[in-house]
Amino acid sequence: MSDLKGKVALVTGATRGVGKGIAIGLGEAGATVYITGRSLEASGSLQETQLAVEEAGGKCIPVRVDHRDDEQVRLLFQRIQDEQQGQLDLLVNNVFSGVQAIKNAYGKPFWQSEPTLWDAVNNVGLRSHYITSVLAARMMSDHHKGIIFTISSWGGMSYIFTPAYGAGKSACDRLAADMAVELKPDNIASISIWPGIVGTEQMTDFAKQTDEGDAQTILGDGFNWETPLLTGRAIAALAREPNIMKHTGKVQIVAELAEKYNLVDQNGDRPASLRSLRFVIPLTFPPLRKYAWLIPNLKLPWFLLLWGMLKSPKI
């Protein structure tokens, strides 16, 4: 499909994981995709992502950027401005550098970690999303159109990993919602995206190292995991919407977008939303996981889901 042919996108943090999957998904749709990361070559690099995007049918322009450095980010947008005559249709705020810090702090209460855990989780993450959104909105407002996607998490609603993580993801959702208010007069949409449990390289390693009961129950056997490509395909499908502004300021769940747009994952599957009975019941009763396809794909209301999460054990 080439519905996004002629569109220019920027995906931050795309050397691997979700960012790489998003870049490939946009490439499948025919977009020109700028990608950022700190590694240009070697394993898990910008060049690897570039090849994958181009194999999928898109054009990819890798730019080495350290999102801790605002000047490097400014120069990135200046380059897009110059090379694309000011055109930027999509920004995907994805870059996140807190995984290792979260792994190091896992299993300990927050006060037993150094306060710098907050910075490790939220500087290249929440703060960097704000910086790129500012610069993207300046370009998009000149053309009176555009979409800013911010990759967030179910951790914005309930405890996952650490308070620093939860606060950051909740703030990502609020950032997307409040930006939507101010961007609406310029016809620019701002949307928060929630993937499910994504089988990235880092998540796979984390699951292997986890031996605590609650986390092992959820992560250990890969039940209902998504591949990063599903997030890319969901974002590409949403970006095709002729009336994208009806979604602005809202949270969109990747698995539910996949169901709506009839998308499949890299392996041909379509995972259930984490608020679907098809996920919740087998999660509670693991022997039912092999029969999950028989369970109705009904979504729990948000208030009931939140109540359940507040009573559930932590991941």
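So, how was this worked out
- Residues numbered from 1 in each chain as written.
- Predicted model: local features only at pLDDT ≥ 70, side-chain atom pairs only at ≥ 80, totals over all residues.
- Heavy atoms only, no water.
- Helix = DSSP H or I, 4+ residues; strand = E, 2+ residues; numbered from the N terminus.
- Buried < 20%, exposed > 50% of the residue type's maximum accessible area, 1.4 Å probe, protein only.
- Contact = heavy atoms within 4.5 Å.
- Pairing = 2+ DSSP bridges.
- Patch = residues over 30% accessible without salt bridge, like charges linked within 9 Å, V, L, I, M, F, W, Y side chains within 5 Å.
- Areas by Shrake-Rupley, 256 points an atom, 1.4 Å probe, with all protein chains shown as cover.
- Salt bridge = Lys/Arg side-chain N within 4 Å of Asp/Glu carboxyl O.
- Axes fitted to C-alpha atoms, helices over the stretch in contact; angles between N-to-C directions.

Attention now goes to the side chain of threonine 248. By the secondary structure assignment, threonine 248 is in the loop between helix H9 (228–239) and strand S7 (251–253). Taking relative accessible area as the criterion, threonine 248 reaches 13% and is therefore assigned buried. Look past the residues within four positions of threonine 248 in its chain and what remains in contact with it is Ala180, Ile188, Ala189, Ser190 and Ile191.

Moving on, we get to the pairing of strand S4 (residues 90–93). Side chains Leu90 and Val92 of S4 all project onto a buried face; the interleaved residues Leu91 and Asn93 project onto the opposite face, where all are buried too. Pairing geometry for S4 and strand S5 (residues 146–151), over four bridges, is parallel. Each residue of the ladder has a partner; that of valine 92, found in S5, is phenylalanine 149.

On to a nonpolar patch on the surface. There is a patch of nonpolar side chains on the surface, built from Phe285, Leu288, Tyr291, Trp293 and Leu294 and spanning about 580 Å² of accessible area. Mapped onto the elements of the fold, tyrosine 291 is located in the loop between helix H11 (277–284) and helix H12 (302–311). For tyrosine 291, a relative accessible area of 43% gives the class partly exposed.

Spatially, the seven strands line up as an open sheet ordered S3-S2-S1-S4-S5-S6-S7, and their pairing is parallel. Edge positions in the sheet fall to strand S3 (59–64) and S7, since each has one partner strand and no second. Recorded for the sheet is a direction-independent mean angle of 20° between the axes of neighbouring strands. In terms of strand pairing, strand S6 (residues 188–194) meets S7 through three bridges, oriented parallel. Bridging from a neighbouring strand, isoleucine 193 pairs with glutamine 252 of S7. Across the sheet, helix H5 (residues 116–143) lies against S4, S5 and S6, angled at about 175° from S4, the strand it touches most. Helix-sheet contacts for helix H10 (residues 254–261) involve S6 and S7, and the interaxial angle to S7 is about 70°.

Bear in mind that shape data such as this cannot, by itself, settle questions of function.
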